[in-house]
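Structure at a glance
Take a look at the letters that make up each chain.
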Amino acid sequence: MTSSKTERGVSWEVRANGRHFHQSCRRKSFLCFRWGRYADNVVRSYKYTPLTFLPLNLYEQFQRAANLFFLLIVVLQCVPIIATIPWYSTMLPLMLVLLVRGFKDLTTDVGRRRSDAQINQRPCDILTPEGFKTVKWKDVHVGDILRIHKDKVIPADLLLLCSTEPHSLCYVETADIDGETNLKFRQALSVTHAELNGDSAKPNLGSFDGIVWCEEPNGNLHSFKGELHWKGERHLLDTDHLLLRGTVLRNTDTAYGLAIYTGSDSKILQNCGHLKLKKTQVEILLNKTVLVSLLFMVLTALLLAVGAGLFEYRVSPQYEVVSALQRDSSPAYLGFLSFWGYIILLSPSMPMSLYITFEVIHMVHCFLISRDVEMYWEDNDSPAQARTTTLNEELGQVGHLLSDKTGTLTQNRLLFRQCFIAGHIYGDTAGEFKPLDLSWNRFSCGGMKFSDQRLVDKLRERSSPECQEFFTALALCHTVMSEWRDGLPHYQAASPDEEALVCAARELGWVFLSRTRETLTISEMGLTRNYQLLAILDFTSKRRRMSVLVRDPGGQLKLYCKGADMVVLERLKGDCPLQESTERALELFAQGCLRTLCVAVRSVPETLWTEWSRALSQAGTATGNQDTALEDIYDQMEKDLTLLGVTAIEDRLQEGVPETIATLRRAGVKVWVLTGDKTETAVNVGYACKLMDPDTILIEGEELRQLLESPSPDVRLMSKQTEVWTTDRRAEKSKAAIVISGPELPMYESWFISLYTTMYTSLPIQCLGFFEQDVSAKSCLCWPEIYSIGQKKQLFNPFVLVVTLLYSLYTSMILFFIPMGILQYSALDFQTLAVTVETSVVLTTTVEVILHTKFWTKWNIAAVIFSLVVFFLSTLALHSARLFTASPKDYFFLGASPNAFSTPEVWLTIFVTTCIAVLPSITIRALGVVLTNPNKQKVHSSKNESVELQRFRRGTFQRRSSYAMSQGKGFGKLITSGVGIHSAAPPKDGRVTSDGLKKESPQGSHREMNGDVSC
């Protein structure tokens, strides 16, 4: 039995009301060990626990080669025979790196824990022997029966057992899973609906002992395979029976479900892959640079070690004092020891502080982004969020931007703006919007952005049969479900297009009231009419249209059809008098970036209906390709249509979209927009949002392919680059000066090596990274072309890096040889020389930071002053007699700094050395000022000019058809099966009275078409 289930792919067993069975197989874990089958419903997106944080975080941090290298150096420094500098000179910076990164990881993980706690603490109702009890999400287990109320989030993947809706139907919103706000329907098995629903639902659910066999947990959101075994029968299950975790129950008072997958086994969490470590281009280049530096350091140490071995082999034997120091060791052995000693001595040249600076700057940038008022959206109280702390600098190097259209560029709030009926265009979008007076319509819900009183007058006076038939089609040809609240119908549709059209018809007097399996009830200007629903020819992306076949109250059969213009127009009768004017109207609507649908009707003879319905029944029971057979049957009915008109719906661009895209294009960013619209619609939307210019040449895919594969000699593909003037092109240089005077003593005292990158120079560089602005925010909007500097990596690239390293080499040589050359003939000792070089190094680095800083804040000034004060105070303290007395081995520079700082010769040397070290940087800046054209305006001093959006106009017409229906397969099959139809309907009083109505005078714009469209 079990093997057969495994062969069918249903090996996951769930027993209803079988908590004891599932708890015996509950999944448990300890450290990295896991056992058991069924997961609990606790969300654990965090990585660390109090027990695993230290070892796991250290393991992750030592995955970085740089950290591992410095750990090796610390170990080597603990070996006395090769230690050239104390161990703490490397250990302290390494500890600081580990602490900063560990603190950031811990902060991020605490945020994950808080988010998890909010989810795990949500309430839900589960069935217990005492009845339904409110518990927390984390207490839900596989096999529990849950009660879900309207507008509540579903806590686990549930098998829908029954609901309070007819036929146990329910609607769910999947916005948190796929971003779609359109409702999807789910339906319980008929057997569970019949047996478990009703007044005795609680005892029935309590005694439910069905067993579900289904597929193992997986991340496929769109498929589910299972079986329900109950009362000796087997019932097949699919996705229509499954309520996914994270979806929201809508339009259904209560639904009952059996927990199939919980926690990490649920489909949405199965889609959450492991976090991947992302690296920026800057970090990648720096890692390569560090690797090159490491190889260079190893090669240098190797050459010095070989030199030391040769010295011991050839020179030392000639001198008795030197040979006595060998202690009977071979030259090869001494060279081997020298190699590791040089490795330790050269290790400070590795930029460990760079990683500290990176981590701190990333954290502060994320904080500043979240506090940026300019990026705060007041409408829904949403600040900007930096969801990762490692990719901030990539924001200045973006080359391509990919965006969806609906809901991203547009508001996804569709508005009925215009229509074309019987040669007339109704609706004014050019002038000032004048709201219609719809007080006469008791069903009006307001919010309609349609302005043309002339159409309202024609409908109320019933003077235009074409207009009446047009809105009758809109009120009937759809799969919308109605829900009555506060005495008014509210609609739920498979697409926002359908909802917009049905709402427009409601506002203008043609109100869709309710539907059953066999009827549609609408109110036509207060008169309630029942239409017999014979068939729904449902919408698919391939058909691009939908139709309904109804029998009107007079007994006449009619087919109402709506769809893409290219599809509907080719199915019209051959003698359509408005063909040319219709195409002209479609052109006008397309130019206004309106989404269009053509509406048509056909009178169906009884004999044709009889034959066609028989063929439809046969196709519905076919065992072959049923969809293809149905499409062929539908095509037979959807022909010889009579055009009723065209609808034009607006999906408004979000505020600032055209200006933003225009600015991005000027900045050199390639903007790609993904849309399911036809080419003509996409082109016109591209013009409206300034994605394309009026003179843009459009080349379709096949044409472009032909040009690229076999280009004509008369055609050249050219690219044009705009000249960009900038006033501040510079690269931020990070310098370090490491001077080595010999194989047996470092140049500096041990504490200076440790504190140089952590205390003396780090804060000014970090403040430069925090707050520096080469141009102001307003100037960036005026001259977005300067963004290309980051795209082209002009500020940081291998060439700039090589120049910076060469400059650092020059600085290192100056910092050593200038003080050495000046002080070698004086009476000052080696320690005074070391203090002189130390002070020159700190001052040179500080001056370089000052030269690079163009945007000064109080924090920059404080950081510079603080760093210099800390350097001088700590240097005096470290050279004090008290520390020397406590540990002569570690604090052997007794009185060196007071002696040096009291000597004028030392200060003169420091001044000369610092000036010569920064001379190239000052010279380059001076030449830049001298050679710069004085007529060029500085970007910082410019004033920001407001960007105005001009209404889109084009002198030539584009190809028509702005059809774009954001809809999947509709509810047609569900409706015609009689499932999920609300039993409650508005009272049928024959006629809706409209007492006190006053006849309004015609107003608004008037557009008529007699062969051509006049505007």
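The text that follows walks through the structure, step by step, so that each part is easy to find.

Rules used throughout
Residues numbered from 1 in each chain as written. Predicted model: local features only at pLDDT ≥ 70, side-chain atom pairs only at ≥ 80, totals over all residues. Heavy atoms only, no water. Helix = DSSP H or I, 4+ residues; strand = E, 2+ residues; numbered from the N terminus. Buried < 20%, exposed > 50% of the residue type's maximum accessible area, 1.4 Å probe, protein only. Areas by Shrake-Rupley, 256 points an atom, 1.4 Å probe, with all protein chains shown as cover. Salt bridge = Lys/Arg side-chain N within 4 Å of Asp/Glu carboxyl O. Core = buried A, V, L, I, M, F, W, Y, C linked by side-chain atoms within 4.5 Å. Contact = heavy atoms within 4.5 Å. Axes fitted to C-alpha atoms, helices over the stretch in contact; angles between N-to-C directions. Parallel < 35°, antiparallel > 145°, perpendicular 65-115°, else oblique. Left-handed = near helix turned anticlockwise from the far one by under 90°. Nonpolar A, V, L, I, M, F, W, Y, C, P; charged D, E, K, R; others polar. Pairing = 2+ DSSP bridges. Patch = residues over 30% accessible without salt bridge, like charges linked within 9 Å, V, L, I, M, F, W, Y side chains within 5 Å. Lys, Arg positive; Asp, Glu negative; His and termini not counted. Charge placed at Lys NZ, Arg CZ, Asp CG, Glu CD. Phe/Tyr/Trp six-rings, centres within 6.5 Å; stacked < 30°, edge-to-face > 60°. Lys NZ or Arg CZ within 6 Å of the ring centre and 35° of its normal. Expected span 1.5 Å × (residues − 1). Polar contact = N/O pair within 3.5 Å; in protein donor to acceptor, adjacent residues only side chain to side chain.

**Focus: the overall build of the protein chain**
Regarding its fold elements, the protein chain presents 35 helices and 29 strands. A burial count over the protein chain gives 47% of its 1015 residues as buried. For the protein chain, the exposed area adds up to about 52,500 Å²; of that, 58% sits on carbon and sulfur atoms.

**Digging into the pattern of salt bridges**
Overall, the coordinates contain 32 salt bridges when judged by the stated rule. Arg595 is the salt-bridge partner of Asp497, the closest N and O atoms lying 3.3 Å from each other. With a gap of 98 residues between them, Asp497 in helix H17 (residues 496–507) and Arg595 in strand S26 (residues 595–603) connect regions that are remote in the sequence. The pair Asp497 / Arg595 is uniform in exposure class, with both members buried. Between Arg529 and Glu524 there is a salt bridge, and its shortest N-O distance comes to 3.2 Å. By relative accessible area, Arg529 is classed as partly exposed at 22%. Because the salt bridges share partners, they merge into one network encompassing Arg543, Arg545, Glu570, Arg571, Asp635 and Glu638.

**Focus: the nonpolar core**
Membership of the largest hydrophobic core comes to 61 residues, with the highest contact counts inside it found for Met747, Tyr748, Phe752, Tyr760 and Val841. Take this core: its biggest share by element is seven residues, from helix H12 (residues 331–346). Counting 52 residues, the second largest nonpolar core, distinct from the first, contains Phe416, Cys467, Val511 and Ile536.

**Remarks on the environment of Val140**
Structurally, Val140 can be placed in the loop between strand S5 (131–136) and strand S6 (145–149). In this structure Val140 comes out as buried when scored by relative accessible area, which is 0%. In this view, Val140 contacts Asn41, Cys124, Ile126, Leu146, Ala259 and Thr262; residues no more than four positions away in its chain are not counted.

**Re the packing of helix H25 (residues 750–760) against helix H31 (residues 858–878)**
Angle between the axes and distance between the axes: these two values describe a pair of packed helices. Orientation of H25 relative to H31, taken along the N-to-C sense of each, is 160 degrees, at an axis distance of 11 Å. Taken together, H25 and H31 sit at an angle that is classed as roughly antiparallel. H25 and H31 meet at a crossing whose hand is right-handed. In this structure, H25 contributes Trp751, Phe752, Leu755, Met759 and Tyr760 to the contact, and H31 contributes Ser867, Val870, Phe871, Ser874, Thr875 and Leu878. Split into classes, the residues belonging to the contact of H25 with H31 amount to eight nonpolar, three polar and no charged.

**Quick notes on the pairing of S6**
Most of S6 is tucked away: four of the five residues are buried. As defined by bridge partners, strand S4 (residues 123–128) adjoins S6 across two bridges and the pair is classed as antiparallel. Residue Ile126 lies in a different strand from S6, and its bridge partner there is Leu146. In the sheet, S6 pairs with strand S15 (residues 254–261) via five bridges, with the strands oriented antiparallel. Following the sheet pairing, His149 is matched in S15 by Thr254.

**A closer look at a negative patch on the surface**
Residues Glu378, Asp379, Asp381 and Glu655 make up a contiguous surface patch of negative charge. Within the fold, Asp379 resides in the loop between helix H13 (352–370) and strand S16 (400–404). The exposure class of Asp379 is exposed, given its relative accessible area of 65%.

**Considerations on the environment of Thr846**
Within the element layout of this structure, Thr846 appears in helix H30 (residues 830–852). The exposure class of Thr846 is buried, given its relative accessible area of 6%.

**What to know about the packing of aromatic side chains**
Under the counting rule described, the total for this entry stands at 26 aromatic pairs. When the ring of Phe339 is compared with that of Trp340, the centres are 5.1 Å apart and the planes differ by 75 degrees; the resulting orientation is edge-to-face. For the ring pair Phe816 and Phe817, a centre distance of 4.9 Å and an interplane angle of 75 degrees mean the geometry is edge-to-face. A relative accessible area of 52% places Phe817 in the exposed class. The residue whose ring lies beneath Arg15 is Phe21, and the NZ or CZ to ring-centre distance is 4.0 Å. For Arg113, the ring lying beneath its charged end belongs to Tyr46, and the centroid distance is 3.8 Å.

**Some thoughts on the side chain of Glu507**
Note that Glu507 resides in helix H17. Not counting residues within four places of it along the chain, the set of residues in contact with Glu507 comprises Leu438, Trp440, Asn441, Phe443, Ser444, Cys445, Gly446 and Met448.

**So, unusual backbone geometry**
You will see that Arg462, though not glycine, has its phi angle at about 50 degrees, which is positive. Locating Arg462 in the fold gives a position in the loop between helix H15 (453–461) and helix H16 (465–476). Phi is positive for Arg544, which is not a glycine, with a value near 60 degrees. Mapped onto the fold, Arg544 is located in the loop between strand S23 (527–537) and strand S24 (545–551).

**Details of helix H10 (residues 281–315)**
For H10, with 35 residues, the first-to-last C-alpha span of 50 Å sits near the 51 Å given by 1.5 Å per residue. Those residues of H10 not exposed but buried are Val282, Glu283, Leu285, Leu286, Thr289, Val290, Met297, Ala301, Ala305, Ala308, Gly309 and Glu312. The secondary structure elements touched by the buried residues of H10 are helix H4 (65–77), H12, H13 and helix H29 (798–823).

**Re a nonpolar patch on the surface**
On the surface, a cluster of nonpolar side chains totalling about 550 Å² of accessible area is made up of Ile850, Trp856, Ile861, Ile865, Val869 and Leu873. Take the nonpolar patch: its biggest share by element is four residues, from H31.

**Remarks on the pairing of strand S8 (residues 169–173)**
Along S8, five of the five residues are buried, which leaves the element largely enclosed by surrounding structure. Strand direction decides the pairing type here: S8 and strand S9 (residues 183–187), joined by five bridges, are antiparallel. Note on S9: the bridge partner recorded for Glu173 is Leu183. Direction of pairing for S8 relative to strand S14 (residues 248–250): antiparallel, over a ladder of three bridges. Residue pairing across strands places Val172 opposite Leu249, the latter belonging to S14.

**Things to note about the sheet that holds S9**
With antiparallel pairing, three strands are arranged side by side in an open sheet as S9-S8-S14. Of all strands in the sheet, those bounded by a partner on one side alone are S9 and S14. Averaged over all pairs of adjacent strands, the angle between their axes in this sheet comes to 45 degrees, without regard to strand direction.

**Overview of the side chain of Arg602**
Here Arg602 shows up in strand S26. Buried within the structure, Arg602 lacks any salt-bridge partner; Asp640 is the closest side chain of opposite charge, at an N-O distance of 4.1 Å. Polar side-chain contacts of Arg602 include one of 3.3 Å to the backbone oxygen of Lys639. Dropping the residues within four chain positions of it, Arg602 is found in contact with Leu557, Lys558, Leu559, Leu608, Gln636, Met637, Lys639, Asp640 and Leu641.

**Some words on the sheet that holds strand S10 (residues 211–214)**
One open sheet holds the four strands; their spatial order is S1-S10-S11-S12, and the pairing between them is antiparallel. What marks the edges here is a single partner per strand, and that holds for strand S1 (12–15) and strand S12 (233–237). For this sheet the average axis-to-axis angle between neighbouring strands, irrespective of direction, equals 20 degrees. Note that S10 and strand S11 (residues 226–230) share four bridges and pair antiparallel.

Geometric values such as these leave the question of function open.
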